[in-house]
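Read off the chains here:
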Amino acid sequence: MNEITPTVKTETAASPACARAPVGLLAELTHRCPLQCPYCSNPLDLERSNVELSTADWQKVMREAAALGILQIHLSGGEPTARKDLEDIVQTAAEVGLYTNLITAGVLLTKERLARLAELGLDHVQLSIQDVDPANADRIAAYKGGAAKKREVARWVKELGLPLTVNAPIHRQNIKSMSKIIDYAVEVGAGRLEVAHIQYYAWALKNRAALMPTREDFMKTAEIVEAAKERLKGILVIDFVVPDYYAKYPKPCMGGWGRGIINVTPSGRVLPCHAAESLPGLTFDNVRDRALGDIWLNGDAFQKYRGTDWMKEPCRSCARKEIDFGGCRCQAFALTGDATNTDPACSLSPLHEEWAKVAEVESHREPPEFIYRRVGKSSAQGGGSDGSQTDNL
């Protein structure tokens, strides 16, 4: 794909036609969520419901996204179904021609509401699971009955004729279920399965020692997935996300900074990636104050690491610099203190060997208890949900 050339700011909003539009927009409708997953990828500082965009604000975002040339809207959170106006947002997105993907834990949905969303134009459902073993799934999410409800939701999705993706975050405490997770995806009629090894930033970094699988277990999952891809051709597409700690080269985070994905937080801040707020010195524009297309083309945060001019060695002279774009800026900052450093996930980073040893050490130790993700406080395993299913709403 063509690289976006950084543009010069003008007094008026630039035309979206002068650069490639993002393919997708991740709409974080809310940070509210009934689950307490120890690998939550939302920022450490969650945005409260009293600062969330209004219905009209989100409808404006949908219209501006379509005008910019965006094709796909990923309705996410937190748990997007915690928004009572989800139907209005989906309807507007459908009216302006956007493909809508609902990324949900499923536990708050009813069949009637899902049917209404489908009627209004919802195109696709992406359902997250914690494990296929109900007891372990409920333990990981700190939510009683979640596994059973998710299977029920998957059935509703198929009964309504909607495409279904199953998203399975993988870590040391469910990795032994890999084969059964693949079988589960086939059983519920999913067309796609995302096997996503946990990425260790934000809340997941707090739980890294409890979540990090051994290299041996990771390699076993890779073998299982490759065999399943061949066996299930034409039945199930499987996407496999490798854990950074066992990779040779880093992933091109978000396909490259400011290249293909745009993220809008619950309060309306526009980010090049959902973890970008962890980086110091960046200014994030808000859709309440500035047009989405202008932010994408000219926003300071999007220009900061767009392209390759910002790179230092070894990235600057690397033949892979326009393949992986130096990896993840947020991970580089979190682990080295400098966002312009090479992501330590890369074997060419001078810090890679030391960094990779962390995984070997932690994965072979007895895992500590989870620090669950709860609004306003954290809780160790055993201090999780007391049965109330609305603690985080």
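Because the structure is a prediction, the values reported are computed rather than measured.

### Some details on the overall build of the protein
Alright, step 1. Tallying secondary structure elements over the protein gives 13 helices and eleven strands in all.
Alright, step 2. In terms of C-alpha radius of gyration, the protein reaches 21 Å, essentially the compact-globule figure of 21 Å for 393 residues.
Alright, step 3. Once the C-alpha set of the protein is aligned to its principal axes, its extents read approximately 55 × 50 × 45 Å.
Alright, step 4. Of all 393 residues assigned to the protein, the portion counted as buried reaches 55%.
Alright, step 5. Counting only contacts in the protein whose residues sit at least 6 apart along the sequence, the fraction spanning at least 24 positions is 72%.
Alright, step 6. For the protein, the accessible surface area stands at approximately 16600 Å², while carbon and sulfur atoms represent 52% of it.

### Focus: helix 6 (residues 178-187)
Alright, step 1. Looking only at helix 6, the buried set comprises Met178, Ile181, Ile182, Tyr184 and Ala185. The buried residues of helix 6 occupy an angular sector of 155 degrees when the element is viewed end-on, so they sit on one face. Opposite the buried face of helix 6, at more than 90 degrees from it, the exposed residues are Lys180 and Glu187.
Alright, step 2. Looking at the buried residues of helix 6, the elements they touch are helix 5 (146-159), strand 5 (164-170), strand 6 (192-197), helix 9 (215-231) and strand 7 (237-241).
Alright, step 3. Looking one or two residues beyond helix 6, the residue adopting positive phi is Gly189, at roughly 85 degrees.

### A word on the side chain of His197
Alright, step 1. Along the chain, the position of His197 falls in strand 6.
Alright, step 2. Engagement of the side chain of His197 in a polar contact is seen with the side chain of Thr221, the distance being 3.4 Å.
Alright, step 3. Dropping the residues within four chain positions of it, His197 is found in contact with Ile170, Ile175, Pro213, Phe218, Thr221, Phe240, Val241, Val242 and Pro243.

### Considering the environment of Lys180
Alright, step 1. Within the secondary structure layout, Lys180 lies in helix 6.
Alright, step 2. For the pair Lys180 and Asp123, spaced 57 residues apart in sequence, the C-alpha to C-alpha distance is 27 Å.

### Digging into the packing of helix 1 (residues 55-68) against helix 2 (residues 86-95)
Alright, step 1. One can describe the packing of helix 1 onto helix 2 by two numbers: an axis separation of 9 Å at closest approach and a directional angle of 20 degrees. By the angle between their directions, the pair helix 1 and helix 2 is classed as roughly parallel. Taken as a pair, helix 1 and helix 2 cross one another with a handedness that is right-handed. Between helix 1, through Thr55, Trp58, Gln59, Met62 and Arg63, and helix 2, the contact on the second element is made entirely by Asp88, Ile89, Thr92 and Ala93.
Alright, step 2. Among the residues forming the contact of helix 1 with helix 2, the class breakdown is four nonpolar, three polar and two charged.

About the cut-offs
- Residues numbered from 1 in each chain as written.
- Predicted model: local features only at pLDDT ≥ 70, side-chain atom pairs only at ≥ 80, totals over all residues.
- Heavy atoms only, no water.
- Helix = DSSP H or I, 4+ residues; strand = E, 2+ residues; numbered from the N terminus.
- Rg over C-alpha atoms; globule rule 2.2 N^0.38 Å.
- Buried < 20%, exposed > 50% of the residue type's maximum accessible area, 1.4 Å probe, protein only.
- Contact = heavy atoms within 4.5 Å.
- Areas by Shrake-Rupley, 256 points an atom, 1.4 Å probe, with all protein chains shown as cover.
- Arc of directions from axis to C-beta.
- Polar contact = N/O pair within 3.5 Å; in protein donor to acceptor, adjacent residues only side chain to side chain.
- Axes fitted to C-alpha atoms, helices over the stretch in contact; angles between N-to-C directions.
- Parallel < 35°, antiparallel > 145°, perpendicular 65-115°, else oblique.
- Left-handed = near helix turned anticlockwise from the far one by under 90°.
- Nonpolar A, V, L, I, M, F, W, Y, C, P; charged D, E, K, R; others polar.

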